[in-house]
Amino acid sequence: MSKYAIQRVPAAQARQVLRLTLASPGQTPSETEIHVATFINHARALSLDLGQQWLAQEGGRIVAACSCLESPGRTGLLFLSAYGLCGGLRDALQDLIDHILADQAQRNLRLAQCLLNLDDRENDQILSQAGFHSITDLIYMECDVPRMALGWKESPVRTDLCWGDYKTSGHQDFAELIQATYRGSLDCPAMTGLREIEDIIAGHKSVGLFQPHRWRLTRVQGSPAGCILLGENPLRRILEVAYMGVHTARRREGLGRLLIEDALRLAYHERFEKVTLAVDAKNEPAMRLYRGAGFVETMRRRAMIRLHDSK
C-alpha cells in the first residue's frame, strides 16, 4: 500500500492537475494557462473524458501529478508532472503511475502511452520501472497548405488507380488494408500486433473530428493498395494525418507520394491552413517523402508504451 494519499480529481477541477502535468520547465504561468485552456477545449470538442486527473499527496502537500486522456481505442495517454515540479519525490510519481495503471487494467484498457521530451531522463526512468518501454522517437511535421499550393507539382495521373473513401469503400476494406500495411512497415514496427484492428480504427477515428470523406483509399486494378486517414483539429483549420500506409504488394510504386498529394489537395480545397503528422524518426523513406512534399519538422518526442495484461 502506498504511503501517499492518491486521489482522482473530478473533471470539473481538471485545471488543478493539468497546470502541473502540461507545464514545461521555463514556461511562464500565462503560457501554461494558455496551454491548459487549449487542452481542455480540445478534449471537450472531441467529447473526451477529462475525469482521469490524479494527484499524490503527502501531509496535504501535492508531491506528484498525472493526467490521462483515454481514447475510444482502449488507449490511455499519460501526461506526467515534470520531475521536481511537485517537490521531486520520485517514489511518489512511481506509486501514482502504478495506481493509475492498475485502475486502467481493471477498466479493460489495452495500452498505456506517454510522449516525453527527449531530455526528460527522470520520467523516462520512472516509466521504465513501471513497465513502459521506448518504441521510437517521433518527429512531428507540418505543411503550410497555401504556401505548398503555390509551388505544387503534381505527379502524372495514373489511369490504373481508383479512389474512394470510408463511406464508399466500406469499413471492412479499410480494416483489411490497414492490417496489410503493417507487414514490414518501418513506422513504429514495435506496435504491430499489440492491438485488435477495431481498437486501432477507433483510435484513428478519435484523432480530431472524423469525417468519412477524409479517410481516403486508393485501389490498383480494383484491389485496395493504400490509404490515408485524416482528422480535423476542432479548434484550428488543421488536418492531421492519423495514419498512412501502403499494401506490401504495392510498395516502391510511388503510391505514398500520391496519397500525400491527395491529402494536400483535399486540405487546399477545403481551405485548411496546415496538414500535420508524426513519423518514426527511423523511417527514412517516409521522412524523404514528407520533406519532398513540403513538410518541415516542428518537434520531437519519445514514445513509450505499456501493454496491460489481457483478461
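Residues numbered from 1 in each chain as written. Predicted model: local features only at pLDDT ≥ 70, side-chain atom pairs only at ≥ 80, totals over all residues. Heavy atoms only, no water.

Q: In this structure, what is going on with the overall build of the chain? I would like to understand it.
A: Counting its secondary structure elements, the chain contains 10 helices and 12 strands. Taking 19 Å as the expected radius of gyration for a compact globule of 311 residues, we find that the chain reaches 21 Å, a close match to that expectation. With the C-alpha coordinates of the chain rotated into their principal frame, the extents come out at 70 × 45 × 30 Å. Total accessible area computed for the chain in this model is approximately 15,200 Å², and 50% of it derives from carbon and sulfur atoms. Each charge class in the chain was averaged separately, 38 positive and 36 negative side chains, and the resulting centres sit 3 Å apart. (Helix = DSSP H or I, 4+ residues; strand = E, 2+ residues; numbered from the N terminus. Rg over C-alpha atoms; globule rule 2.2 N^0.38 Å. Areas by Shrake-Rupley, 256 points an atom, 1.4 Å probe, with all protein chains shown as cover. Lys, Arg positive; Asp, Glu negative; His and termini not counted. Charge placed at Lys NZ, Arg CZ, Asp CG, Glu CD.)

Q: Could you clarify how one ought to interpret the sheet that holds strand E2 (residues 53-58) in this entry?
A: Within the open sheet, the 12 strands sit side by side as E1-E2-E3-E4-E5-E12-E6-E11-E10-E9-E8-E7. Their pairing is mixed. Two strands close off the open sheet at either side, each with one partner strand: strand E1 (5-9) and strand E7 (161-165). The mean angle between the axes of side-by-side strands here comes to 25°, regardless of whether they run parallel or antiparallel. When strand E6 (residues 133-144) meets strand E11 (residues 274-280), the two strands line up antiparallel, connected through seven bridges. Following the sheet pairing, methionine 141 is matched in E11 by leucine 277. Contacts between helix H8 (residues 197-205) and the sheet are confined to strand E3 (61-71), strand E8 (215-220), strand E9 (223-232) and strand E10 (238-246), with E8 contributing the most and set at about 125° to the helix. (Pairing = 2+ DSSP bridges. Axes fitted to C-alpha atoms, helices over the stretch in contact; angles between N-to-C directions. Contact = heavy atoms within 4.5 Å.)

Q: Any chance you could explain the nonpolar core here in plain terms?
A: Soluble, globular proteins show a tendency: their nonpolar side chains are buried together. Ile260, Tyr290 and Phe295 are the most contacted members of the largest nonpolar core, which has 32 residues in total. Residue assignment for this core shows that the elements contributing at least two residues are E6, helix H5 (145-150), E9, E10, helix H9 (255-269), E11 and helix H10 (284-292). The dominant element in this core, judged by the number of residues it contributes, is H9, at eight residues. Every residue in contact with isoleucine 260, bar those within four places of it in the chain, is listed here: Ile228, Met244, Leu289, Tyr290, Ala293 and Phe295. Val63, Ala64, Ala130 and Phe132 belong to the second largest nonpolar core, which has 23 residues in total. (Core = buried A, V, L, I, M, F, W, Y, C linked by side-chain atoms within 4.5 Å. Buried < 20%, exposed > 50% of the residue type's maximum accessible area, 1.4 Å probe, protein only.)

Q: How should helix H2 (residues 29-45) be read in this particular structure?
A: Since the α-helix advances by 3.6 residues per turn, residues separated by three or four positions end up pointing in the same direction. An ideal rise of 1.5 Å per residue puts 24 Å on 17 residues; H2 measures up with 24 Å between its terminal C-alpha atoms. Those residues of H2 that fall on the buried side of the exposure criterion are Thr32, Val36, Phe39, Ile40 and Ala43. What you see down the axis of H2 is that its buried residues fit within an arc of 95°, all on one side. Where the residues of H2 are buried, they touch helix H1 (14-21), E3 and strand E4 (75-80). Serine 47 lies just past H2 and shows a positive phi near 60°. (Expected span 1.5 Å × (residues − 1). Arc of directions from axis to C-beta.)

Q: In this structure, what is going on with the pattern of salt bridges? I would like to understand it.
A: Side-chain pairs of opposite charge can arise where the charged atoms are in close proximity. Counting across every chain of the model gives 20 salt bridges. The salt bridge involving arginine 74 is made with aspartate 199; its shortest N-O contact spans 2.7 Å. Note that arginine 74 is positioned in the loop between E3 and E4 and aspartate 199 in helix H8, a separation of 125 residues in sequence. With a relative accessible area of 23%, arginine 74 lands in the partly exposed category. Here the salt bridges share partners, and the residues they tie into one network are Arg158, Asp160, Arg250 and Glu253. (Salt bridge = Lys/Arg side-chain N within 4 Å of Asp/Glu carboxyl O.)

Q: Got a minute to help me understand the pairing of E11 in this structure?
A: Regular strands place their side chains on alternate faces of the sheet. For E11, the buried fraction is high: six of the seven residues fall into the buried class. Inspection of the sheet shows E10 paired to E11 by three bridges, in the parallel sense. Paired with leucine 239 across the strands is valine 275, a residue of E11. For the handedness criterion, the β-α-β arrangement of E10, H9 and E11 is classed as right-handed. (Right-handed = clockwise from strand over helix to strand, strands pointing away.)

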